[in-house]
Amino acid sequence: MSTNSDAAEMFREIADLLDVLGEKFKPEAYRRAARSIESLTEDLKAVAARGDLRTIPGVGEAIAEKIEEYLKTGKVDYYERLTKQVPPGIADLLRLPGLGPKTARRFWLELGVEGPNELAAAIDAGRLTGLKGFGPKKIEQVRAALAAAKAAPPSGRLPIEEAYPIAQRLLAGLRASAGAEQLEIAGSFRRCRETVGDLDLLATSQTPARVFDTFSALPDVREVRLRGPTKETVLLTNGLQVDLRVVEPEEFGAALLYSTGSKDHNVHLRTIARDRGLKINEYGIYRGEERVGGRTEEEMYRALRLSWIPPEIREDRGEVEQAARGAVPRLVEAGDLTGDLHVHLPDEARPADVDRVVAGARQAKLRYVGIVVAGERADGSRFELPRPVLERIAHESGTSLRLERVREVPADGLPESWPAGEDRIVVRPTRGVPRPPSRKPGPTLGPIVAHLGGEEAARPWIEWLRGASGAIEVGPGPERIDSVSARAALEAGIGLCVVTGVGRDPDDPAAPISLGFARRAGAEKGSVRNAASPASVTRNGSAARTARSRSGA
DNA sequence: GCCGTTTTCGGCCCGACTGTTTTCAGTCG
């Protein structure tokens, strides 16, 4: 665990403790600080060393001091004092669905209950009966929540690549028979966050009840948590919670904006609305009684005199200010991709697999594809594509679509010079040898660093490529870098490599998520290696250099 | 506790849903 996530976690715990103690606004302040510390691309130590802690959104004098104290001593006196005031089990009560700080505090102070086990005992002993605000249904709810928490510990957030196929199934099921017109997934899924806590679906329909009936009956759905006239919440068989809202068409943009978030982005928009004498909610945007927008997101942003902001960057990290200046970056899009530099064929590859890649690449209008023809696997064994496959690659390589030979080498087996031989190099950071070699790649046609995972693992490789050429593959899973590391790479002037999906199963979500992570990192077309013109990514190093110096990069 | 092209003090998003209520509090997103 890094310093940043440890510090963020501590501030979240402080927020929970303050909540239970009945504080009004401090808890949100600490949570906001925790959120922005978590999304930092830089280590807190480095920020503190520069004296820039207070430039972190949500970090003011008091929290900056606590960060300093934490970095210096490893603990924070204020936090220690709070934990002494509240029994440790109270935090576990807060994790129970439907049970918040007010209730936890009452259990603690009025019943002397200090944790889940004592609460269960109190219910069994009938001690909740007669407590003001606790009827039989509420008591049963708490009992069920306790039992559920015991049977299945909180599942936490789901990696987006695991949520992706589920989301597609739900969409398909609703499209098939629900009478839904517009249908979108909002929430952190639409922002392409690395993990999602739940799924937020949004629809328009003439017949909301029918939509909810269809939704409740989908095979993935285990139980209906709550259902009103406009909103339903269900639990899937895997424990994931899904909210579905049905709204009027003229409200769809407002509802989409509202439920895509993030929280900080929404709060910022509402503040701007207020300052301009407007009111904004999930149904629209209003000046007094007059409705001035809500059918589309563009309408909503326009009414605030902002340009439309792509969902992936709605995190209140400066994008609202950019939109006010009309300076929102034009993020890389699928249609910008000109090629793929890292395609693997199956272990027992046959010439037909090359044909499949070629067909996919033509359909995606790619102009070059790098196929890994030889290399070393994670377990150290070597592989090389069979001769008939190599021949098919050579034969298929034409002028409209060029096929490149790619060699994949482990980090501790890097060749002596760059570029090495005729092949492009993909570097596979070797397990147990996580650090890059001291020798940097050359200034022209650099390697693609792939099969690299985790923020901690990414840092040294970003340093390795700083000032040199090369790119890092971004995308889901433990073998690629996420959007936080991708942002750090972009800040260091290093290009990204985006997965195109060519040669992959059509249901494989790696490509859309890879693009989403790149966008989330703020990548424009110019900083994505495989969105560049073929000339600047050829084997000819001088062409690459010319292209780059001309574009001023 | 944070924050400020109307503020260094006085705000801090706002509505759905539930259970318990004769009008609302708590939770959630």
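Residues numbered from 1 in each chain as written. Chains lettered and ligands numbered in written order. Predicted model: local features only at pLDDT ≥ 70, side-chain atom pairs only at ≥ 80, totals over all residues. Heavy atoms only, no water.

(A) Region of the structure containing the sheet that holds strand β10 (residues 290-293). Sheet architecture is open: 3 strands sit in the order β8-β9-β10, paired in antiparallel fashion. The open sheet has two edge strands with one neighbour each: β8 (279-281) and β10. Across the sheet, the mean angle from the axis of one strand to that of its neighbour is 35°, orientation sign disregarded. Across 3 bridges, the pairing between strand β9 (residues 284-287) and β10 is antiparallel. Paired with Y286 across the bridge in β10 is R291. (Pairing = 2+ DSSP bridges. Helix = DSSP H or I, 4+ residues; strand = E, 2+ residues; numbered from the N terminus. Axes fitted to C-alpha atoms, helices over the stretch in contact; angles between N-to-C directions.)

(B) The pairing of strand β18 (residues 495-498), seen in detail. Of the two faces of β18, the one carrying G495 and C497 and the one carrying L496 and V498 are both buried. With helix α20 (residues 483-491) bridging strand β17 (residues 471-474) and the parallel β18, this β-α-β connection has right-handed handedness. (Buried < 20%, exposed > 50% of the residue type's maximum accessible area, 1.4 Å probe, protein only. Right-handed = clockwise from strand over helix to strand, strands pointing away.)

(C) Quick peek at helix α4 (residues 61-73). Compared with an ideal rise of 1.5 Å per residue, which puts 13 residues at 18 Å, α4 spans 18 Å between its outermost C-alpha atoms and is within 8% of the ideal. Residues I63, A64, K66, I67 and Y70 constitute the buried set of α4. Projection of α4 onto a plane perpendicular to its axis shows the buried side chains occupying an angular sector of 160°, all on one side. The exposed residues of α4 that point more than 90 degrees off its buried face are E61, E65 and K72. Where α4 is buried, its residues meet α1 (3-20), α2 (26-38), α3 (44-49) and α5 (77-85). Trailing α4 by a residue or two, G74 shows a phi angle of about 85°, which is positive. (Expected span 1.5 Å × (residues − 1). Arc of directions from axis to C-beta. Contact = heavy atoms within 4.5 Å.)

(D) Representation of the protein's contact with DNA strand B in the model. Among the 45 residues in the neighbourhood of DNA strand B, the closest are listed as G60, G100, T103, Y258 and Y283. Of all atoms in DNA strand B that approach within 4 Å of the protein, 80% are sugar or phosphate atoms. In this structure, G98 approaches DNA strand B through a main-chain N or O atom, which is 2.8 Å from a phosphate oxygen. Considered class by class, the residues forming the surface near DNA strand B number 17 nonpolar, 12 polar and 16 charged. (Near = heavy atom within 4 Å. Polar contact = N/O pair within 3.5 Å; in protein donor to acceptor, adjacent residues only side chain to side chain. Nonpolar A, V, L, I, M, F, W, Y, C, P; charged D, E, K, R; others polar.)

(E) Expanded view of the nonpolar core. In terms of nonpolar packing, the biggest core is built from 79 residues, with L170, L174, F189, L199, L201, F215 and V369 touching the most fellow members. Looking at this core, the element that brings in the most residues is helix α10 (residues 160-177), giving 8 residues. When neighbours within four sequence positions are excluded, L174 is seen to be in contact with L183, L201, V211, F215, L218 and L244. Counting residues in each nonpolar core, the second largest holds 49 residues, with A33, V59, L131 and F134 among its members. (Core = buried A, V, L, I, M, F, W, Y, C linked by side-chain atoms within 4.5 Å.)

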